[in-house]
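Each chain, written out:
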Amino acid sequence: MKPSIILFLLILAGSMGCSVSPKPIDYGRVGCHYCSMTIVDKQHAAQWVTKKGKVFNFDAVECMMNQLKDEDESTIGLLLVNDFDHPGELVDATKATYLISENIPSPMGAFLSAFSEEQAAEHTLEANGGKLLTWSELKKQYNQ
């Protein structure tokens, strides 16, 4: 084979292995990157994907937020959270609306849930009480 073809194939193979996209969470089988607890809750799990395509799963948004304190966020390509209203559906964490309500427990006890739609979060707030937060407010709460 010509060296240029080999180089092209190596570059192609490398780029295919490093795609920055969400990966399905294998609920009941994979552990949380932060606390090592098995991830089973489809309403509260979270995930981030590095710019190189490496995936880190979390059993709760609060675990992801605690892990972010120790990370260089410039290496992260995607921050994702499960939509409380659509269990198992990962959405952009930076665009989600967050609800802290003591009437909705989360796996690690922070009572933190994420919603892709602000209106859904407001409806859940009306039914359960609590406090709504944006991504930037949530980051401040976790001192980031």
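Since this is a predicted model, take the numbers as computed values, not measurements. (Residues numbered from 1 in each chain as written. Predicted model: local features only at pLDDT ≥ 70, side-chain atom pairs only at ≥ 80, totals over all residues. Heavy atoms only, no water.)

Caption draft 1: Fine view of the packing of aromatic side chains. Per the stated rule, a full pass over the model turns up four aromatic pairs. Relative to Trp135, the ring of Tyr98 has its centre 6.2 Å away and its plane inclined at 40°; by these criteria the two rings are tilted. Of the two residues, Tyr98 sits in strand 5 (residues 97-100) while Trp135 sits in helix 4 (residues 135-141), which places them 37 residues apart along the sequence. Here the two residues Tyr98 and Trp135 agree in accessibility, since each one is buried. Following the ring pairs from residue to residue traces out a cluster consisting of Trp48, Phe56 and Phe58. (Phe/Tyr/Trp six-rings, centres within 6.5 Å; stacked < 30°, edge-to-face > 60°. Helix = DSSP H or I, 4+ residues; strand = E, 2+ residues; numbered from the N terminus. Buried < 20%, exposed > 50% of the residue type's maximum accessible area, 1.4 Å probe, protein only.)

Caption draft 2: Looking closely at the pairing of strand 2 (residues 55-58). Here four bridges tie strand 1 (residues 46-50) to strand 2, and the two strands are oriented antiparallel to one another. Residue pairing for strand 2: Trp48 is matched across the bridge by Phe56. The hairpin turn running from strand 1 into strand 2, its antiparallel successor, is four residues long, and Gly53 in that turn takes a positive phi close to 95°. (Pairing = 2+ DSSP bridges.)

Caption draft 3: Examining the side chain of Thr50 more closely. With respect to the helices, strands and loops of the structure, Thr50 is situated in strand 1. Take Thr50: its relative accessible area is 12%, and that puts it in the buried class.

Caption draft 4: Structural context of the pattern of salt bridges. In total, this model carries two salt bridges according to the counting rule given. Of the charged contacts in the structure, one is a salt bridge between Glu73 and Lys139, with a shortest N-O distance of 3.1 Å. Of the two residues, Glu73 is situated in the loop between helix 2 (61-68) and strand 3 (76-83) and Lys139 in helix 4; the sequence distance between them amounts to 66 residues. (Salt bridge = Lys/Arg side-chain N within 4 Å of Asp/Glu carboxyl O.)

Caption draft 5: Fine view of the pairing of strand 6 (residues 112-115). Residue alternation in strand 6 divides its side chains into two sets, Leu112 and Ala114 and Ser113 and Phe115, and both sets are buried. Pairing of strand 5 with strand 6, which is carried by four bridges, proceeds in the antiparallel orientation. What sits directly across from Ile100, in strand 6, is Leu112.

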